[in-house]
Amino acid sequence: MAFDNHFPNSRPSVYILGDTTMLGQVPHLLPSNEICYCDKEGLLLDDSNPVGIIEEAFTMSFDTLKGSVNGNADRDYLREFEYYWGDSVENFRVISLLGDLPTPRIVKLGSNKNIKLIGETEEVIDDFYKKTENLEEQLEFSEVLFIPLTNSYGISFQEKWDTKKLYNVIFQNIRLHNRILEYLKSNPEIQVYVTIPNGEDNRVHFCVEFEKAKNGKHPLIDKSNSTVLREIIVDRADVDYLLPRGGASREMRDKNVSIVGCGAIGSIVAMELAKMGVMNLSFIDHDKLSRANIYRHVLGNSSGIGKYKVEGLKEKIEADLPLTDITIYPKTFQETVNESPDLFASADLIIDATGIPNTSFQILDFTYNQRLNTPILHSWLEPIGIGGHVVTSNLNSIGCYRCLYSYSEDGQFYNKASFAAPGQTFSKSMFGCVNMFTPFSSVDATKTAILTVELAKKLLTGEETKSSLESWKGESGEFLKHGYKFSDRYSNLTLQELKDFKYEFANKTCSTCLIREA
Amino acid sequence: MAELQKQFRKFEENIRLSDIDDNKPLRDKRDLLIKELKEWGKKNEKPGFDWFNQGSYHMSTGIKPMEGDDYDIDVAIVYDINIDDYEDPTEVKKWVRDALKRNNREVEILTPCVRVQYREKGEPKNHVDFAVYGKELNWNNDERSKQISKGREFSSFDNRVWEESEPKRLRELIKDEMFQSDKELGGQKRTQFRRNVRYLKRWKDNNFSSNGNQRPTGIAMTAICHEWFKPLVSKDWEGNIVEKDLESLLNVVRTAVANNCGLNVKLPVIPHNDLFEKLKESDHNEENYKKKLKELKKTLEVAWNEPDPHEASKILRKVFGEDFPVPEKKETAKKTAYSAITTSSSSG
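Remember, it's a predicted structure, so these values are computed and weren't measured experimentally.

Analysis parameters
- Residues numbered from 1 in each chain as written.
- Chains lettered and ligands numbered in written order.
- Predicted model: local features only at pLDDT ≥ 70, side-chain atom pairs only at ≥ 80, totals over all residues.
- Heavy atoms only, no water.
- Contact = heavy atoms within 4.5 Å.
- Buried area = accessible area lost by both parts, 1.4 Å probe.
- Salt bridge = Lys/Arg side-chain N within 4 Å of Asp/Glu carboxyl O.
- Polar contact = N/O pair within 3.5 Å; in protein donor to acceptor, adjacent residues only side chain to side chain.
- Nonpolar A, V, L, I, M, F, W, Y, C, P; charged D, E, K, R; others polar.
- Pairing = 2+ DSSP bridges.
- Helix = DSSP H or I, 4+ residues; strand = E, 2+ residues; numbered from the N terminus.
- Axes fitted to C-alpha atoms, helices over the stretch in contact; angles between N-to-C directions.
- Buried < 20%, exposed > 50% of the residue type's maximum accessible area, 1.4 Å probe, protein only.
- Domains from an automatic or database assignment.
- Expected span 1.5 Å × (residues − 1).
- Parallel < 35°, antiparallel > 145°, perpendicular 65-115°, else oblique.
- Left-handed = near helix turned anticlockwise from the far one by under 90°.

A. Structural view of the interface of chain B and chain A. Contact residues are listed per partner, giving 19 residues for chain B and 33 residues for chain A. Taken over both partners, the interface formed by chain B and chain A buries close to 2100 Å², and the fraction arising from carbon and sulfur atoms is 51%. Taken together, the connections running from chain B to chain A amount to one salt bridge. The closest approach of N and O atoms between Glu497 of chain A and Lys235 of chain B, which form a salt bridge, is 2.6 Å. In this assembly, chain B and chain A are joined by six residue pairs in polar contact (both at pLDDT 80 or more). Its residues placed into classes, the side of chain B that touches chain A shows four nonpolar, eleven polar and four charged.

So, in structure tokens, the structure goes:
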């Protein structure tokens, strides 16, 4: 048993010393003779009981070996495939954009001295390459035979795999024997890419290079000559593999979301939607990133002061999440729709994060004039950390952004959802020095963005179909210190009540809703 | 259905007797009388006493009297005595009478209290009622209960008694038992309760003569509200507190009408006495009261169904009198000047 410096806050490693040939090669016993008796992730060790940890580590190791010898070895090998696959000296890797494709086919390998990329077509590979690597160097393309197995019989690692073993694994587990044999015969140099079902709604991917073909025969079918394989580890970068890990539901993939306003809220919303797996995004904002923005915008100094926010955001998201497809419009909303009246034609959701009421009116009126039923999610922020709001328009129930506007008793035109009492002004100059005090902080924008993204997800999945108004409520101290007054909505409603009333904001005399209803 | 809450609130403002602004002359008289009672007690070596307001002053349900009505202030005088030492309860009342009696002052021992009556041009103007209490002590000589001295000076022996009474209990009952939690608009519900009591009190002052026993008492109106009041206060999504006084009053009156017009209602605290005892002595008075309560119900219903606030308020005036405000007709109402430019208060 071996301990590192962190014990008892890390688990000890357990090895078998001496000869293990008696056991043969069994799952959970690594080539180094270490026993994988439990996962390293998700462990909780009682650090007050080191002796207990040692005792249990021994017991668990022994039970693991016993289970390995007696149990379903194939299943265990598959589960731990990544432990066994790959050359222990040299790490040969390939980045794969292939998902869990169903039938055998020829796919492409693009490579240069820095990178190897496998994808369905040269275009897909090129696109990914350009988004992720800032390299001028061209890729050279070759073909790879993609073979998805239908079963997983005979997967074991009692000995290192050679061409004979691989041949057996492949041809035991496929249906189209002849087509694959024919293809190997006519392409003796081709690499092979295999996927195996692991029984858990997932597949194991690996790739193989062969020694040079002799006698013009592909090594895999050259029965006279069994040779060692070059085991290549596959780094999966395909949606099937990446998206579920980020909590993204697969239905997000095909969704198309337009974001108007890529400021503090819009930029976080954009980033989070991309991470959620929304692959088609378009951004509309004419603003450029200024130095004053960097403390509350996703884009910081390194993104380039003076660059259009939409441009910087596209670069950042595509570099981080290369599967995302982003269209940008570095113009005002009105200019954008004048030039591209079909802007929202394919949008499943429009997010209005402008925080400018009159732009919000324009967006709402534009969808109305175009007879679009695309839901709009408006989100905006209160000053000095007192809260933020989201409201939806264009859903199947009455209630929209315009419903929120009314006249106060003294004739002020104001937003009824507001947490600040009507008739007060908030701007930077109110606080003395220019830019000394920002009326909201990055945290406030982030909270509002979270509210926005959560509702966006519900709208995109169809979990929410009614118009709603949701708000988060912040601290009161700083606001009161400046002598401002809260609205009744802030003062009189608890968080629970704000939630309870979320469907009740509709104004029965709202001009937009009345016309839509009719 | 007209929106009449503003009118009801204004009505209540018009009739509410505020401890701070109104009734100062009578309060000054009360203070003077108490001062005299204290001095007399010292001089004559009588036991000490505590005093507090009781009745509508204590309950915060007082209303301004009608023009020409005799009105009062109720004061509790609690002597620090063991009632076991005073077989005749009127002995203690006589102290109060003797202390306050002057040549030009009318002081009289009544069954429940000692009354100091003030007159203007011979007509009763207002009075101060002193309810006089002693204490019942337990084995440890601590106060177990307050006992009110009942009976007149020359009542028969059987009618001169100490009777257990809880003068402060009714307020607590309404405050603590009816709407416990301030978090659930408890404060607003209690004030709506008080407004209901005031509306009913003004109704009875406006509809019954103070002569004889035709007019039901204020405490009877309070007890009816206590029995059947259901708060109608809620919040809307904008955080506005929405009060529905008309509906809540209509609910009380309807339920009362359905329950013998509330004539069986007792004081909800000890001694649980019959609050309509005097009124019921005359069949005519009883019938008249029932008829008018039914009229009130009908009027409230008609007003509730009237869509125009101007018309609805005029209808309500018939039962509540001139203090109920009538808003201008919609067409003649002043238009608010709406502002078109509002400086921004939010941000993206």
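Anyway, onward from the coordinates.
B. Seen up close, the sheet that holds strand 7 (residues 191-197) of chain A. Residue and element names in this part refer to chain A. Read once around its circumference, the closed barrel built from seven strands follows the order 3-5-4-6-7-8-9, with strand pairing classed as mixed. Direction aside, neighbouring strands of the sheet carry axes that sit 35 degrees apart on average. Both strand 8 (residues 203-209) and strand 9 (residues 230-236) contribute to a ladder of three bridges, which runs antiparallel. In the sheet register, Cys207 faces strand 9, and the bridge partner there is Ile232. Across the sheet, helix 6 (residues 177-186) lies against strand 4 (105-111), strand 6 (140-148) and strand 7, angled at about 155 degrees from strand 6, the strand it touches most.

C. Molecular detail of the environment of Ile284 of chain A. Residues and elements named next belong to chain A. Positionally, Ile284 belongs in strand 11 (residues 280-284). Judged by its relative accessible area of 2%, Ile284 falls in the buried class. As a C-alpha pair, Ile284 and Ala445 span 161 residues in sequence and 18 Å in three-dimensional space. Not counting residues up to four positions away in its chain, the partners in contact with Ile284 are Ile259, Val260, Gly261, Cys262, Val310, Tyr329, Lys331, Thr332, Phe333, Thr336, Leu343 and Phe344.

D. Summary view of the domain arrangement of chain B. Residue and element names in this part refer to chain B. Here the domain parsing of chain B yields domain 1 (24-166) and domain 2 (171-327). Put simply, the middle of domain 1 and the middle of domain 2, counted by C-alpha atoms, are 29 Å apart. Contact residues are listed per partner, giving 15 residues for domain 1 and 15 residues for domain 2. Both sides of the domain 1 and domain 2 interface together cover about 1400 Å² of buried area, and 55% of this is carbon and sulfur. The interface formed by domain 1 and domain 2 contains one salt bridge. Among the salt bridges present, the one from Asp69 reaches Arg215, with a minimum N-O distance of 3.0 Å. Counting the contacts that link domain 1 with domain 2 gives eight residue pairs in polar contact (both at pLDDT 80 or more). Those elements giving two or more residues to the side of domain 1 that touches domain 2 turn out to be helix 3 (56-59) and strand 7 (161-165).

E. Structural view of helix 9 (residues 283-305) of chain B. All names here are of chain B. For helix 9, which comprises 23 residues, the first-to-last C-alpha distance of 33 Å matches the rise-based estimate of 33 Å (1.5 Å per residue) to within 8%. Along helix 9, the positions that sit buried rather than exposed are Asn285, Glu286, Asn288, Tyr289, Lys290, Lys292, Leu293, Leu296, Thr299, Leu300, Glu301 and Ala303. On its buried face, helix 9 is in contact with helix 6 (186-207), helix 7 (218-228), helix 8 (245-258) and helix 10 (309-320). Of the residues that open helix 9, the one with a side-chain oxygen 3.3 Å from the backbone nitrogen of His284 is Ser282.

F. Quick look at the side chain of Asp238 of chain A. All names here are of chain A. Summarising the element assignment, Asp238 is placed in the loop between strand 9 and helix 7 (239-245). Residue class for Asp238 comes out buried when judged on its relative accessible area of 2%. Among the polar contacts made by the side chain of Asp238, one reaches the side chain of Arg236 at a distance of 2.9 Å. A distance of 3.2 Å separates a polar side-chain atom of Asp238 from the backbone nitrogen of Tyr241. Those residues in contact with Asp238 that sit more than four places away from it in its chain are Ser96, Leu97, Leu98, Gly99 and Leu323.

G. Expanded view of the domain arrangement of chain A. Once the domains are mapped, chain A shows domain 1 (14-71), domain 2 (82-244) and domain 3 (247-517). Computed from C-alpha atoms alone, the centre-to-centre distance between domain 1 of chain A and domain 3 of chain A is 53 Å.

H. Quick peek at the packing of helix 9 of chain B against helix 10 of chain B. All names here are of chain B. Taken N-terminus to C-terminus, the directions of helix 9 and helix 10 make an angle of 165 degrees; their axes are 9 Å apart at the nearest point. Classed by the angle they form, the pair helix 9 and helix 10 counts as roughly antiparallel. The interaxial crossing formed by helix 9 with helix 10 has left-handed handedness. Across the interface between the two elements, Leu296, Thr299, Leu300, Val302 and Ala303 from helix 9 touch Ala312, Ile315, Leu316, Val319 and Phe320 from helix 10.

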